[in-house]
Every structure is written in structure tokens, then in C-alpha cells.
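Here are the chains, one letter per residue:
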Amino acid sequence: MNRLLLIFFTLLIFQIYAFAETTDFLADKYLAGRIFDKPETFTEYDFSDIERIPIRLQVITDISTRDGSAQEGQIVNLKARNNVYYNNKLIVKRGEPVTAEIELIVDSGMNGIPYYIYLDDFKFQNLPSSKILASYQKSGCNRTYWVLPLKWALTPLPPTGTLTNFIKGGHSKISVNDIITVYYFPNWK
């Protein structure tokens, strides 16, 4: 009996492999006849140069998902927390206005998954955006760590384990006390 099953599964796998389609019909259909430019390669750039200068920022007013003051695409006003120097030259003055954009807001989900706010596209007055590497995220209270064990503990009692699915995560808030750190790479081109 075991031999018969082994022969059957071997033939089945061979048949699947033999008749498998070896072309990508989506690529053939949608990319046929298109010409793509070769991406630019940076051959003269020294990628081992990782010198960076941290710039600490803070928002001017609180941003929260609870009261609806945060919307995707909204411009956020920030200010520099202290003076930033590079080669004994002041590059960012304390209190200098900076803008950023709320790139994405992720809603809270079932089982305690929290809200998230993502800030990106930081713009300084005197620094080129191409030399700034910045992305900031803030999440709300993550209740997953206690909801999932509770869910599994209540699963033997038929409806109660399922009811924990409706517990949502906390709201996200970026307050004026939060320190947002972005990095300036002076040697980037």
C-alpha cells in the first residue's frame, strides 16, 4: 500500500512539473514592445562615506489621530530644538522652521493593532532635501501583547475568544515633547 501511494505521488509531482508553464504571461502581455532606460549608476561616488549629522526637531502643535488633526498629505510645521554645526559652520539655527508631510496614517485594527502616523519629506530652509535622510513614525498603544494571550485563553469557551477580536489599538499622538531626529549627510551628491 505504501509503495502504491509513493508511486502515485511521484507520478503526480512529475506530471505537475512536466506541464508547468514556463513563461510569464503577464510580463509578456503588459511589457511587450516597451523600451526601458538604463538606470543611472553613480560610479564616482564614495559609498563608504557615512558621515552624518543628527538634527533634532519637535512639532509646534500636537498631532493626533484621536481628534482628527492628522490627515494624510497634511503639512506639519516643526522647529529645530538646538543649533547644529558642521565644520564650525552653523547649518541649522535653533528655532528654525522646518516642514514635513504626513505620508501615511494607518488606522487601528482588530486584536489591539494601534494607529500609526508616518512623517516624511522634511524640508529645511538652508539644506538641500537630497542630503536629508528622514522618516519618522509614531504608533499608539499596542494592545496586541495582552489581547492575543487573552484570546487564546478564552477560546475553549465558544463565543468569548472571538469577542476579543473587537478590541482595537490606541490612537497615535506626536506631541511637542517628542524628539524627532533626522540626519543630514553633507557629502551626498
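Structural data are supplied above this passage.
These figures come from a predicted structure and were not determined experimentally.

A. Just the pairing of strand S11 (residues 180–184), in detail. Burial along S11 is one-sided: the residues Ile180, Val182 and Tyr184 are buried and none of Thr181 and Tyr183 is. Looking at chain direction, strand S1 (residues 53–59) and S11 are connected through five bridges and run antiparallel. The residue of S11 that forms the bridge with Ile53 is Tyr184. Relative to S11, strand S8 (residues 132–133) runs antiparallel, the two being bridged by two bridges. Across the sheet, the residue bridging to Leu133 is Tyr183, located in S11.

B. Spatial organisation of the packing of aromatic side chains. Taken as a whole, this structure holds two aromatic pairs when the rule is applied. Geometrically, the ring pair formed by Phe8 and Phe9 is edge-to-face, given 5.6 Å between the ring centres and 65 degrees between the ring planes. With relative accessibility at 45%, the residue Phe9 sits in the partly exposed group. Aromatic pair Tyr116 and Tyr118: ring centres 6.2 Å apart, planes at 20 degrees, arrangement stacked.

C. Expanded view of the side chain of Ser64. Note on placement: Ser64 falls in strand S2 (residues 63–64). From its side chain, Ser64 meets the backbone nitrogen of Arg66 in a polar contact 3.0 Å long. Setting aside its immediate chain neighbours within four residues, Ser64 contacts Ser69, Ala70, Ser172 and Lys173.

D. Layout of the pattern of salt bridges. Taken as a whole, this structure holds three salt bridges when the rule is applied. The partner of Lys173 in a salt bridge is Asp62, with the nearest N and O atoms 3.6 Å apart. Highlighted residues: Lys173 in strand S10 (residues 173–174) and Asp62 in the loop between S1 and S2, separated in sequence by 111 residues. Take Lys173: its relative accessible area is 43%, and that puts it in the partly exposed class. Where Asp121 meets Lys123, a salt bridge forms, and the shortest distance between an N and an O atom there is 2.9 Å. When its relative accessible area of 38% is taken as the criterion, Lys123 is described as partly exposed.

E. Structural context of the nonpolar core. Counting residues in hydrophobic clusters, the biggest one holds 29 residues, and the most contacted among them are Ile55, Leu57, Leu78, Phe122, Phe124 and Ile180. Mapped by element, the contributors of at least two residues to this core are S1, strand S3 (75–80), strand S4 (84–86), strand S5 (89–92), strand S6 (97–106), strand S7 (116–123) and S11. In contact with Phe122, not counting residues within four places along its chain, are Leu57, Leu78, Val98, Thr99, Ala100, Ser129, Ile132, Ala134, Ser135, Tyr136, Ile180 and Val182.

F. Geometry of helix H3 (residues 144–154). All of the buried residues in H3 are Thr144, Val147 and Lys151. For H3, the angular spread of the buried residues around the axis is 65 degrees, confining them to a single face. Those residues of H3 that are exposed and angled more than 90 degrees off the buried face are Tyr145, Trp152 and Ala153. Its buried side turned inward, H3 meets helix H4 (160–163).

Procedures and definitions
Residues numbered from 1 in each chain as written. Predicted model: local features only at pLDDT ≥ 70, side-chain atom pairs only at ≥ 80, totals over all residues. Heavy atoms only, no water. Buried < 20%, exposed > 50% of the residue type's maximum accessible area, 1.4 Å probe, protein only. Helix = DSSP H or I, 4+ residues; strand = E, 2+ residues; numbered from the N terminus. Pairing = 2+ DSSP bridges. Phe/Tyr/Trp six-rings, centres within 6.5 Å; stacked < 30°, edge-to-face > 60°. Polar contact = N/O pair within 3.5 Å; in protein donor to acceptor, adjacent residues only side chain to side chain. Contact = heavy atoms within 4.5 Å. Salt bridge = Lys/Arg side-chain N within 4 Å of Asp/Glu carboxyl O. Core = buried A, V, L, I, M, F, W, Y, C linked by side-chain atoms within 4.5 Å. Arc of directions from axis to C-beta.

The quantities given are spatial measurements derived from coordinates; they are silent on function.
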